[in-house]
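Coordinates in review
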Amino acid sequence: MKPTFHPPLNVDWASGVLCGAPLICKTTSLGDLAGVFADQESWRQHDPSQTVYSVEMFDSPSGEGELYVGVTHLNPGRVGDEYFMTRGHFHARREQGEVYFGLRGEGLLLLQDEQGQTRLERVLPGSIHIIPGFTAHRLINTGDAVLSALAVWPSQAGHDYAALANGFALKVTPETVKLMAKEVQNG
Ligand code: F6R
Ligand code: MN
């Protein structure tokens, strides 16, 4: 049988720009993140229209067994002493995992299990993060430039934001980054 040839989808590794098929784009501004940052007073003083992050993903099939591919671009910034971050979520289908790949910028991936145990992984160009099932995840930009990360996840995973309505158990501030650097230094 004669094969059919398809031009591939494409990501520019340096910028995270996707092309080759129609995209779905969603932007999240500070005003959308009510209750997410610990310092509510500082959050209120910021411009609510300021973009915190945008997600671009291929508009691909969403059936059982299919995969979504998307890039999150997370701006640098802080609310009080807390870095700009994504809202964060568990997957609605809890058993379903995801893989993140760091493309540009520097930051952290905050992971939290269902018992509230947290851990952090450094995100940097080339880093690979295997997020297991039953694990909530949030990107945090600890640098001065845009943090971009590519993600691949099951189309049927869904998002459960409500389970984290009271927030993650760990607040990430410059103090956390200093502590982490010290731990890495001491092995
Ligand atoms: C998909 C996924 C990412 C996030 C994106 C925005 O499962 O983990 O594409 O959706 O980083 O974060 P949230 O969805 O927490 O606003
Ligand atoms: Mn996810």
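Residues numbered from 1 in each chain as written. Chains lettered and ligands numbered in written order. Predicted model: local features only at pLDDT ≥ 70, side-chain atom pairs only at ≥ 80, totals over all residues. Heavy atoms only, no water.

**Overview of the pairing of strand E4 (residues 51–58)**
Where strand E3 (residues 23–29) lies against E4, seven bridges are found, and the strand directions are antiparallel. Among the inter-strand pairings, Thr28 is bridged to a residue of E4, identified as Tyr53. Across five bridges, the pairing between E4 and strand E5 (residues 67–74) is antiparallel. Residue pairing in the sheet places Glu56 in a bridge with Val71 of E5. (Pairing = 2+ DSSP bridges. Helix = DSSP H or I, 4+ residues; strand = E, 2+ residues; numbered from the N terminus.)

**Examining the sheet that holds strand E13 (residues 147–154)**
Ordered by their spatial adjacency, six strands build an open sheet running E3-E4-E5-E13-E8-E11, and the pairing between neighbours is antiparallel. Taken across any chain shown, the strands that pair with only one partner, and hence form the sheet edges, are E3 and strand E11 (128–131). Within this sheet the neighbouring strands show an average axis-to-axis angle of 20°, counted without direction. The sheet contact formed by strand E8 (residues 98–104) and E13 spans five bridges and is antiparallel. Among the inter-strand pairings, Tyr100 is bridged to a residue of E13, identified as Ala151. (Axes fitted to C-alpha atoms, helices over the stretch in contact; angles between N-to-C directions.)

**Overview of the coordination of the manganese ion (ligand 2)**
The protein atoms donating to the manganese ion (ligand 2) are His89 (NE2), His91 (NE2), Glu98 (OE) and His137 (NE2), with metal-donor distances spanning 2.1 to 2.3 Å. Given six donor atoms and angles of 72 to 174° at the metal, the environment of the manganese ion (ligand 2) is assigned as octahedral. Linear spacing of the donor residues for the manganese ion (ligand 2) on their chain is H-x1-H-x6-E-x38-H. For the pair formed by His91 and Glu98, the shared burial category is buried. (Donors = N, O, S within 2.8 Å, 3.2 Å for Na, K, Ca; no water. Tetrahedral: all angles 85-135°; square planar, octahedral: opposite > 155°, others 65-115°. Buried < 20%, exposed > 50% of the residue type's maximum accessible area, 1.4 Å probe, protein only.)

**Re the site of ligand 1**
Of all residues adjacent to ligand 1, which total 14 residues, the nearest are Tyr53, Thr72, Gly88, Tyr100 and Tyr161. In the environment of ligand 1, an oxygen atom lies 2.5 Å from a nitrogen or oxygen atom belonging to the side chain of Tyr53. At 3.2 Å, a side-chain N or O of His91 approaches an oxygen atom of ligand 1. Coverage of ligand 1 by the protein amounts to 95% of the 400 Å² it exposes when considered alone. (Near = heavy atom within 4 Å. Polar contact = N/O pair within 3.5 Å; in protein donor to acceptor, adjacent residues only side chain to side chain. Areas by Shrake-Rupley, 256 points an atom, 1.4 Å probe, with all protein chains shown as cover.)

**Regarding the packing of aromatic side chains**
Summed over the entire model, instances satisfying the criterion amount to two aromatic pairs. Between Phe37 and Phe84, the aromatic rings sit 6.4 Å apart at their centres with planes inclined by 50°, giving tilted as the arrangement. Of the two residues, Phe37 sits in the loop between E3 and helix H1 (40–45) while Phe84 sits in the loop between strand E7 (82–83) and E8, which places them 47 residues apart along the sequence. For the pair Phe37 and Phe84, a shared accessibility class is recorded, and that class is buried. Positioned above the aromatic ring of Tyr161, the side-chain terminus of Arg87 is 5.9 Å from the ring centre. (Phe/Tyr/Trp six-rings, centres within 6.5 Å; stacked < 30°, edge-to-face > 60°. Lys NZ or Arg CZ within 6 Å of the ring centre and 35° of its normal.)

**Structural notes on the side chain of Glu82**
Tracing the chain through its elements places Glu82 in strand E7. In this structure Glu82 is buried but unpaired, with Arg138 as the nearest side chain of opposite charge at 5.1 Å. Within the local environment of Glu82, its side chain forms a polar contact with the backbone nitrogen of Ala38, the two atoms lying 2.8 Å apart. When residues no more than four places from it in sequence are discounted, the contact partners of Glu82 are Phe37, Ala38, Gly77, Lys171 and Val172. (Lys, Arg positive; Asp, Glu negative; His and termini not counted. Salt bridge = Lys/Arg side-chain N within 4 Å of Asp/Glu carboxyl O. Contact = heavy atoms within 4.5 Å.)

**A word on the state of the cysteines**
Counted according to the given criterion, the structure contains zero disulfides. Considering cysteine sulfurs only, Cys25 is the nearest to Cys19, which forms no disulfide, with 13 Å between them. When its relative accessible area of 39% is taken as the criterion, Cys19 is described as partly exposed. (Disulfide = S-S within 2.5 Å.)

**Some remarks on the sheet that holds strand E10 (residues 118–123)**
Pairing between the strands of a sheet is mediated by backbone hydrogen bonds and can be parallel or antiparallel. Read from one edge of the open sheet, three strands run E10-E9-E12, paired in antiparallel fashion. Strands with a single pairing partner mark the edges of an open sheet, and in this sheet they are E10 and strand E12 (135–141). Put simply, the sheet's adjacent strands are angled 20° from each other on average, direction ignored. The pairing of strand E9 (residues 107–113) with E10 spans six bridges and is classified as antiparallel. Across the sheet, the residue bridging to Gln112 is Thr118, located in E10.

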